[in-house]
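Spelled out, the chains give:
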Amino acid sequence: MKKPVKVAITGAAGQIAYSLIFRVASGSMLGPDQPVILQLLDIPDSLEKLKGTVMEIDDCAFPLVSGVVATADANEAFDGTDYALLVGARPRGPGMERKDLLSANGAIFVPQGKALSDNASRDVKVLVVGNPANTNALIAASAAKKLDPKQFTAMVRLDHNRAISQLATKTGTSGNDIDKVIIWGNHSATQYPDISHTTIGGKPAKSLVSQEWIEKDFIPVVQQRGAAIIKARGLSSAASAASAAVDHMRDWALGTDGKWVSMGIPSDGSYGIAPGVVYGYPVTCKNGQYEIVQGLSVDEFSRARMTVTETELREERAAIEDLLK
Ligand SMILES: NC(=O)c1ccc[n+]([C@@H]2O[C@H](COP(=O)([O-])OP(=O)(O)OC[C@H]3O[C@@H](n4cnc5c(N)ncnc54)[C@H](O)[C@@H]3O)[C@@H](O)[C@H]2O)c1
Ligand SMILES: O=C(O)C[C@H](O)C(=O)O
């Protein structure tokens with residue numbers, strides 16, 4: 001058996017965590033031979049509820065769980081942590097855009113970024129799920145002065161998975177046959193799900209679907225899927241968000257074997273996206289590192305959409321500039 005690693009999950013008493021914790025504990029994220037110590041953080045008012053979740057973790061008798069910490073103290077929750085999944089934040093309700101949560105949630109990520117910087121493993125991998133995820137990741141990265149901003153990522157994997165699912169349904173294929181889907185930009189209604197380079201069973205996806213379907217159905221459905229789920233459930237997506245978080249961290253930690261996945265990462269200027277925002281890019285992962293897929297052609301249609309979502313991220317950044325000191 002390997003030495004246990006520490007996995008911190010914030011918002012641990014919430015609905016995403018109620019699915020996520022059990023997937024991590026069962027080995028779905030880091031593999032069936034990797035023991036974990038769960039470090040669960042929530043606010044004082046939610047600690048009683050969190051106690052119930054911990055009782056259920058105990059009752060699963062997971063062979064891979066070496067310890068559980070439940071706390072309202074971020075320094076304790078991030079002590080030595082190797083993987084941090086920052087889920088805790090207020091979800092949006094019907095009629096809200098994710099950026100409406102900026103002021104409510106932005107402030108959470110300054111203290112959490114500092115606490116990670118002070119306490120986490122120097123190699124910690126951080127995934128921000130709480131919305132607006134890209135800008136919250138930027139805030140946390142900026143507050144974590146002793147860590148590399150590249151260690152902070154935002155979740156666009158749910159959008160990536162949604163895009164695969166829509167395409168598989170439309171073409172009557174399996175998601176397993178679909179490669180090279182990209183989510184560019186923000187986890188918001190401006191994101192750009194791009195299938196210009198996508199193949200299905202080795203064939204170009206664009207030879208199997210019409211441009212009209214891409215523009216009128218595919219892109220808007222993926223962009224608006226979160227809102228559609230809120231309308232149907234009365235609550236924002238939870239199990240699918242947890243599943244995407246597991247996918248994101250597993251791929252980052254264990255590698256993608258050459259497969260492309262989408263991750264929100266600090267822009268390094270690639271594809272003309274100026275640094276200073278956390279932007280969804282196509283990446284491959286190897287040896288615990290992600291790398292942007294380079295050299296892709298970008299046509300006019302794609303460029304226009306990549307710019308719209310970049311502009312929105314710059315506006316979000318401007319709205320919280322004072323938190324980036
Ligand atoms: N990136 C994505 O794809 C994606 C997908 C789904 C949901 N989300 C977002 O994830 C977040 C959580 O969603 P949920 O449905 O689990 O919400 P929820 O309301 O069920 O749970 C949130 C939990 O966070 C806790 N919390 C609040 N402030 C905290 C803090 N400072 N530290 C630690 N915990 C804190 C709350 O007490 C609560 O237990 C929301 O922002 C939601 O919009 C993102
Ligand atoms: O849409 C939301 O507010 C929740 C989440 O970001 C989602 O995409 O399902």
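Computed from a prediction, not measured in an experiment: that's the story for all the values here.

What follows is about the site of ligand 1. In the vicinity of ligand 1 there are 25 residues, among which Gln15, Asp42, Ser46, Val129 and Asn131 approach most closely. Within the backbone of Arg90, one N or O atom sits 3.4 Å away from an oxygen atom of ligand 1. Within the backbone of Val129, a nitrogen or oxygen atom sits 3.2 Å from a nitrogen atom of ligand 1. Here ligand 1 loses 87% of its free accessible area of 870 Å² to cover by the protein chains. Split by domain, the shell around ligand 1 shows at least three residues from each of two domains, domain 1 (5–154) and domain 2 (156–321).

So, on to the pattern of salt bridges. Pairs can form between side chains of opposite charge once their charged atoms are near each other. In this structure the tally under the stated criterion is 13 salt bridges. Its salt-bridge partner being Asp33, residue Lys2 comes within 3.6 Å of it at the nearest N-O pair. Of this pair, Lys2 sits in the segment before β1 (5–10) while Asp33 is found in the loop between α1 (15–26) and β2 (36–41), placing the two residues 31 residues apart along the sequence. For Asp33, a relative accessible area of 37% puts it in the partly exposed group. For Arg250, the salt bridge identified is with Asp247, shortest N-O distance 3.1 Å.

With that settled, the discussion passes to the site of ligand 2. Around ligand 2 sit Arg92, Arg98, Asn131, Leu158, Arg162, His187, Gly226, Ile230, Ser236 and Ser237, and that is every residue in its neighbourhood. At 2.5 Å from an oxygen atom of ligand 2 is found a side-chain nitrogen or oxygen belonging to Arg92. Notes on ligand 2: free accessible area 260 Å², of which the protein chains cover 95%. Residue assignment for the shell around ligand 2 shows that the elements contributing at least two residues are α6 (157–171) and α8 (225–233).

As recorded in UniProt, the feature "binding site: substrate" (unreviewed entry) lies at Arg92, Arg98, Asn131 and Arg162. Take Arg92: it is sitting in the loop between β4 (83–86) and α4 (102–119). Residue class for Arg92 comes out buried when judged on its relative accessible area of 11%. Apart from the residues lying within four places of it in its own chain, the contact partners of Arg92 are Glu97, Arg98, Leu101, Gly226, Ala227 and Ile230. The topology assignment puts Arg98 in the loop between β4 and α4. Excluding anything up to four places from it in sequence, Arg98 contacts Arg92, Asn131, Pro132, Arg162, His187, Ser188, Ala189 and Gly226.

Here we take up the pairing of strand β13 (residues 278–286). Extensive coverage of β13 is indicated by the burial of seven of its nine residues. Where strand β12 (residues 261–266) and β13 come together, six bridges link them in antiparallel fashion. Of the residues in β13, the one forming a bridge with Pro266 is Val278. Both β13 and strand β14 (residues 289–292) contribute to a ladder of four bridges, which runs antiparallel. Paired with Thr284 across the bridge in β14 is Glu291. The turn linking β13 back onto β14 is made up of two residues, and Asn287 within it adopts a positive phi angle of 50°.

Moving on, we come to the packing of aromatic side chains. How two aromatic rings sit relative to each other is set out by the distance from centre to centre and by the angle between their planes. Counted under the stated rule, the structure contains nine aromatic pairs. When the ring of Phe22 is compared with that of Phe62, the centres are 6.4 Å apart and the planes differ by 50°; the resulting orientation is tilted. Here Phe22, found in helix α1, pairs with Phe62, found in the loop between α2 (47–60) and β3 (65–71); they are 40 residues apart in sequence, far enough to count as distant. Comparing Phe22 with Phe62 shows no difference in burial state: the two are buried.

Okay, the nonpolar core next. Core analysis: the largest hydrophobic core is formed by 75 residues, its most contacted members being Val7 and Leu85. Here the element with the most residues in this core is helix α9 (residues 239–254); it accounts for eight residues. Residue assignment places this core across two domains, with domain 1 (5–154) and domain 2 (156–321) each supplying three or more. Ignoring anything within four residues of it in the chain, the contact list for Leu85 reads Val7, Ala8, Ile9, Thr10, Leu20, Met29, Leu127, Ala245 and Met249.

Procedures and definitions
- Residues numbered from 1 in each chain as written.
- Chains lettered and ligands numbered in written order.
- Predicted model: local features only at pLDDT ≥ 70, side-chain atom pairs only at ≥ 80, totals over all residues.
- Heavy atoms only, no water.
- Near = heavy atom within 4 Å.
- Polar contact = N/O pair within 3.5 Å; in protein donor to acceptor, adjacent residues only side chain to side chain.
- Areas by Shrake-Rupley, 256 points an atom, 1.4 Å probe, with all protein chains shown as cover.
- Domains from an automatic or database assignment.
- Salt bridge = Lys/Arg side-chain N within 4 Å of Asp/Glu carboxyl O.
- Helix = DSSP H or I, 4+ residues; strand = E, 2+ residues; numbered from the N terminus.
- Buried < 20%, exposed > 50% of the residue type's maximum accessible area, 1.4 Å probe, protein only.
- UniProt positions renumbered as here; feature names shortened; annotations may be inferred.
- Contact = heavy atoms within 4.5 Å.
- Pairing = 2+ DSSP bridges.
- Phe/Tyr/Trp six-rings, centres within 6.5 Å; stacked < 30°, edge-to-face > 60°.
- Core = buried A, V, L, I, M, F, W, Y, C linked by side-chain atoms within 4.5 Å.

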